[in-house]
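# Fold and geometry: a report
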Amino acid sequence: MAACSAPGKIILFGEHAVVFGKPALALAIDLRVRASLSVSDQYAVNGHPMRPKLHSYISAALDETWNGPPVRISTWSSIPSGSGLGSSAAVTVSSVGAMLTEKGECDVATLAKKAFEVEFRVQKRASPTDTSTSAHGKGVLVSPEQGDGFLWRISKGQQVWNVHHCEVPDLKFVVGYTGVRAATGPLVDSVRVLLDADKDRREDLDRIGDIVLQGVDAVRRADKPALGRLMLENHGLLNNLGVGHPMLDKLVAACEESAYGAKLTGAGGGGSMIALTDDPERTSAAIRRAGGKAIVVSVGCEGARLES
Ligand code: PMV
């Protein structure tokens, strides 16, 4: 039997814009998925016969990675699915990790590349931000240019993403889950449609790219007031791109008193927001009063790891 676990993530800056060639900064969080795999007489997931439509990520992971006998795969997750916290990436990375380990081929760059291919197959349109952050852990800067801390390069068609390690200081975030589930693929597609129809929105994309680079500097300096300002600006720009939700705005506004700043994280359209705070209890209470579910997370956590 082989087992592997992998973390979820928050995107601090740059979601959506990263699909269209801009940089993004994501941080691994202390919520994980664990996947274990053992050879069996039929393909099964969590005790049920595998159904490719229902178990889309695991089924695609097998197509991408596995050429051995049938296997039984079991997963356990502490990441709420559909919450924008990278649960599908963590399922993908932990499952691919277990498969590569069983084959004796698990190195982290191969894992990140295969996991990206799996997410791309399922979602049709994706950047490697979630999968690379889940594989590497800590902090990850994805960028069109190669720079300091370079880890690996992933490309698809014309797009090239250089993945970099980013050191993460001790920052406290509270995640506010709206309870509104939203699928990433259609939201990414809606941004593409908007960009084709309204050329001015390209300026929003450019500004998000600048925010990411300023954000990387602010993370390095642990400059929380600067990070908070950039988060609020990034949130407004994501609203301009049409991926906001009234509940996200409500939760962001609720954190004004107790947090440096807040923004939606991940695909939007519901899902989750994050707030940077020195007082997680006060910020959690504010999120709950506004109708969200609050989850305090640590960032900069370990990436994919083998489990016994
Ligand atoms: O909500 P999530 O975890 O699926 O994050 C999506 C991030 C996007 O930038 C919207 C898409 C991507 O693949 O980068």
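### Topic: the overall build of the protein
When helices and strands are tallied, the protein shows nine helices and 13 strands. Computed over the C-alpha atoms, the radius of gyration of the protein is 18 Å, within 12% of the 19 Å expected from 2.2 N^0.38 for a compact globule of 308 residues. Taking the principal axes of its C-alpha atoms as reference, the protein extends roughly 55 × 40 × 35 Å. Taking all 308 residues of the protein together, the buried fraction comes to 55%. As presented, the protein carries roughly 12500 Å² of accessible surface, and 49% of it is formed by carbon and sulfur atoms. Positive and negative side-chain charges of the protein, numbering 34 and 34 respectively, have mean locations separated by a distance of 4 Å.

### Some thoughts on the layout of surface pockets
Computed from the structure, the largest pocket encloses a volume of approximately 1000 Å³. With four residues, the top contributor of residues to the lining of the largest pocket is helix α5 (residues 184-197).

### A short note on α5
For α5, built from 14 residues, the straight-helix expectation of 20 Å at 1.5 Å per residue is met to within 8% by its first-to-last C-alpha distance of 20 Å. Looking at α5, one finds that the buried residues are G185, L187, V188, V191 and L195. Packing partners of the buried residues in α5 comprise α3 (108-123) and α6 (201-221).

### Some details on the side chain of H16
Relative to the helices and strands, H16 is located in the loop between β1 (2-13) and β2 (24-39). Side-chain polar atoms of H16 contact the backbone oxygen of A267, separated by 2.8 Å.

### Describing the nonpolar core
Residues I10, L12, F13, L25, F173 and M273 are the most contacted members of the largest nonpolar core, which totals 92 residues. There are two domains that each give this core at least three residues, and those are domain 1 (2-168) and domain 2 (173-297).

### Thoughts on the sheet that holds strand β10 (residues 259-265)
The strand order β10-β11-β9-β12 describes an open sheet built from four strands, whose pairing is antiparallel. For this open sheet the edge positions go to β10 and β12 (293-298), each flanked by a neighbour on one side alone. Pairwise comparison of adjacent strand axes, ignoring direction, gives a mean angle of 25 degrees for this sheet. Relative to β12, strand β9 (residues 172-177) runs antiparallel, the two being bridged by six bridges. Counterpart to V175 in the pairing with β12 is I295.

### A word on the pattern of salt bridges
Here the idea is simple: oppositely charged side chains can pair when their charged atoms come close. Applying the stated criterion to the full structure yields 16 salt bridges. Between K103 and E105 there is a salt bridge; the shortest N-O distance is 3.8 Å. The partly exposed category is assigned to E105, whose relative accessible area is 41%. Salt bridges linked by common partners bring D63, E64 and R121 together as one network.

### Considering the packing of aromatic side chains
According to the stated counting rule, one finds two aromatic pairs in the structure shown. Here F116 and F120 contribute two aromatic rings whose centre-to-centre distance is 5.7 Å and whose plane-to-plane angle is 55 degrees, an arrangement assigned as tilted. With F116 and F120 both in helix α3 and four residues apart, the pair spans about one turn of that helix. The class of F120 is partly exposed, set by a relative accessible area of 21%. Measuring from ring centre to ring centre gives 5.6 Å for F116 and W161, while their planes differ by 65 degrees; the resulting arrangement is edge-to-face. Taken together, the residues F116 in helix α3 and W161 in strand β8 (residues 159-166) connect sequence positions 45 residues apart. Comparing F116 with W161 shows no difference in burial state: the two are buried. The structure contains a cluster of three or more aromatic residues connected by ring pairs, namely F116, F120 and W161.

### Remarks on the pairing of strand β7 (residues 150-156)
Sheet analysis places β7 next to β8, joined by six bridges and oriented antiparallel. Across the sheet, the residue bridging to W152 is V163, located in β8.

### Some details on the domain arrangement of the protein
Quite often, the size of an interface is put as the accessible area lost when its parts meet. The assigned domain composition of the protein is domain 1 (2-168) and domain 2 (173-297). Relative to domain 2, the C-alpha centre of domain 1 lies at a distance of 22 Å. Taken residue by residue, the interface counts 28 residues in domain 1 and 40 residues in domain 2. Between domain 1 and domain 2, the buried area comes to about 2800 Å², and carbon and sulfur atoms account for 72% of it. When the area that domain 1 buries against domain 2 is broken down by residue, the three leading residues are F13, H16 and F20, summing to 24%. Taken together, the connections running from domain 1 to domain 2 amount to two salt bridges. At the junction of domain 1 and domain 2, the tally comes to eight residue pairs in polar contact (both at pLDDT 80 or more). Elements supplying a minimum of two residues to the side of domain 1 that touches domain 2: β1 and β2.

Parameters at a glance
- Residues numbered from 1 in each chain as written.
- Predicted model: local features only at pLDDT ≥ 70, side-chain atom pairs only at ≥ 80, totals over all residues.
- Heavy atoms only, no water.
- Helix = DSSP H or I, 4+ residues; strand = E, 2+ residues; numbered from the N terminus.
- Rg over C-alpha atoms; globule rule 2.2 N^0.38 Å.
- Buried < 20%, exposed > 50% of the residue type's maximum accessible area, 1.4 Å probe, protein only.
- Areas by Shrake-Rupley, 256 points an atom, 1.4 Å probe, with all protein chains shown as cover.
- Lys, Arg positive; Asp, Glu negative; His and termini not counted.
- Charge placed at Lys NZ, Arg CZ, Asp CG, Glu CD.
- 1 Å grid on protein atoms, 1.4 Å probe; cavity = no way out; pocket = protein on both sides within 12 Å on 5 of 7 lines; lining within 4 Å.
- Points joined across faces, edges and corners; volume = space filled by probe spheres on them.
- Expected span 1.5 Å × (residues − 1).
- Contact = heavy atoms within 4.5 Å.
- Polar contact = N/O pair within 3.5 Å; in protein donor to acceptor, adjacent residues only side chain to side chain.
- Core = buried A, V, L, I, M, F, W, Y, C linked by side-chain atoms within 4.5 Å.
- Domains from an automatic or database assignment.
- Pairing = 2+ DSSP bridges.
- Axes fitted to C-alpha atoms, helices over the stretch in contact; angles between N-to-C directions.
- Salt bridge = Lys/Arg side-chain N within 4 Å of Asp/Glu carboxyl O.
- Phe/Tyr/Trp six-rings, centres within 6.5 Å; stacked < 30°, edge-to-face > 60°.
- Buried area = accessible area lost by both parts, 1.4 Å probe.

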